[in-house]
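# Coordinate inspection notes
Chain by chain, the residues run as shown.
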Amino acid sequence: TVVVGAGIAGCAVARLLAETGERVLVVDRSGIGAGASGRNGGFLFRQPAAWIGELLDEAIAWYGELDAEGTVPLDLREWPMLLLAVEEAELAHARAYAEAVGGEEIDLREDPWLADDLAGGFVVEGGVTLDALGATTAAAEAARRAGARFALGCEAKRILVAGGRVAGVATDAGV
């Protein structure tokens, strides 16, 4: 199996496949976590949709297991979200969001770091933060331990199809 992209999803899939005995090659035009997976803020916060909450819990557990393996630290920690309504017109939406995820309204005047003219604020517990690049690197290392190989600096040019099936991937290093 060829996995295109060494971001968090590609590395996680590579590990999963390699653990089932599949021969796996991950190709990426740059490097591990060189795109969005390594540059995002690493925030995982509660959302109003129940199915997203279930996926969030699953993701947090997965990151916890990856962190427990201890190869590359993820700096995984609980982190509440501060939800702010900047203008009065945003306040009803922010309040509804906060109520849907168990957030609590706070008195913004109690915190000297917050601007005096904000319309409102809420704290939502149950989120976590992590080092996104560290998590992607840890996932890549877990994939390597499971037997996946990586071709970094190798751009996938085209997926090759023959007879309605994927037959290969054309890359900078060949097919």
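Residues numbered from 1 in each chain as written. Predicted model: local features only at pLDDT ≥ 70, side-chain atom pairs only at ≥ 80, totals over all residues. Heavy atoms only, no water.

### Here's the deal with the packing of helix H1 (residues 8–19) against helix H3 (residues 50–69)
Note the threshold: Only the stretch in contact is used when fitting a helix axis, every axis being a line fitted to C-alpha atoms; angles between N-to-C directions are given from 0 to 180 degrees. Note on conventions: DSSP H or I runs of at least 4 residues are helices, E runs of at least 2 residues are strands, and numbering of each starts at the N terminus. Note on terminology: angles under 35 degrees are roughly parallel, angles over 145 are roughly antiparallel, angles of 65 to 115 are roughly perpendicular, and the others are oblique. Should any heavy atoms of two residues lie within 4.5 Å, those residues are counted as being in contact. When residue character is reported, Ala, Val, Leu, Ile, Met, Phe, Trp, Tyr, Cys and Pro are called nonpolar, Asp, Glu, Lys and Arg charged, and the others, Gly included, polar.
Running from amino to carboxyl end, H1 crosses H3 at an angle of 75 degrees, the nearest separation of the two axes being 14 Å. Here H3 runs roughly perpendicular to H1, going by the angle between their axes. Counting all contacts with H1, which are made through Ile8, Ala12 and Arg15, the residues of H3 involved are Trp62, Tyr63, Leu66 and Glu69. Residue composition of the contact of H1 with H3, by class: five nonpolar, no polar and two charged.

### What about the packing of aromatic side chains?
Inclusion rule: Only centres within 6.5 Å qualify two rings of Phe, Tyr or Trp (six-membered ring in Trp) as a pair; their planes then separate them into stacked at under 30 degrees, edge-to-face at over 60, and tilted for everything else. Charge-over-ring contacts are defined here by two conditions on Lys NZ or Arg CZ: a distance within 6 Å of the ring centre and an angle within 35 degrees of the ring normal.
Taken as a whole, this structure holds two aromatic pairs when the rule is applied. In this arrangement the basic side chain of arginine 144 is found over the ring face of phenylalanine 150, its NZ or CZ atom lying 4.6 Å from the centre.

### A closer look at the environment of leucine 17
Looking at where leucine 17 falls in the secondary structure, it is placed in helix H1. Residues leucine 17 and leucine 118, 101 residues apart in the sequence, show an inter-C-alpha distance of 49 Å. Excluding residues within four positions of it along the chain, leucine 17 makes contact with Thr1, Val3, Glu22 and Val24.

### Side note on a nonpolar patch on the surface
Here is the rule: Every patch collects residues that have over 30% relative accessible area and no salt bridge, joining them within 9 Å if they carry like charges and within 5 Å if they are nonpolar side chains (Val, Leu, Ile, Met, Phe, Trp, Tyr). For every accessible area listed, the method is Shrake-Rupley and the probe measures 1.4 Å; residues are considered covered only by the protein chains on display. Any carboxyl oxygen of Asp or Glu that lies within 4 Å of a side-chain nitrogen of Lys or Arg is treated as forming a salt bridge with it. Each residue is assigned to one of three classes by its accessible area relative to the maximum for its type, calculated with a 1.4 Å probe on protein chains only: buried under 20%, partly exposed between the two thresholds, exposed over 50%.
On the surface, Ile159, Val161 and Val166 cluster together into a nonpolar patch covering about 310 Å² of accessible area. Relative to the assigned elements, isoleucine 159 resides in strand E10 (residues 156–162). Classification of isoleucine 159 as exposed rests on a relative accessible area of 51%.

### Focus on H3
This is how it is decided: The length a helix should cover is 1.5 Å for every residue beyond the first. The directions considered for the arc are those from the helix axis to the C-beta atoms.
For H3, with 20 residues, the first-to-last C-alpha span of 29 Å sits near the 28 Å given by 1.5 Å per residue. Every buried residue belonging to H3 is among Gly53, Leu56, Ile60, Tyr63 and Leu66, and all of these are buried. Seen along its axis, H3 keeps its buried residues to an arc of 140 degrees; they face one direction. Exposed side of H3, more than 90 degrees from the buried face: Ala50, Trp51, Glu54, Glu58, Glu65 and Ala68 are the residues found there. Of the surrounding secondary structure, the elements contacted by the buried residues of H3 are H1, strand E3 (43–44), strand E8 (128–129) and helix H5 (132–145). Once H3 ends, the next one or two residues include glycine 70, with phi positive near 75 degrees.

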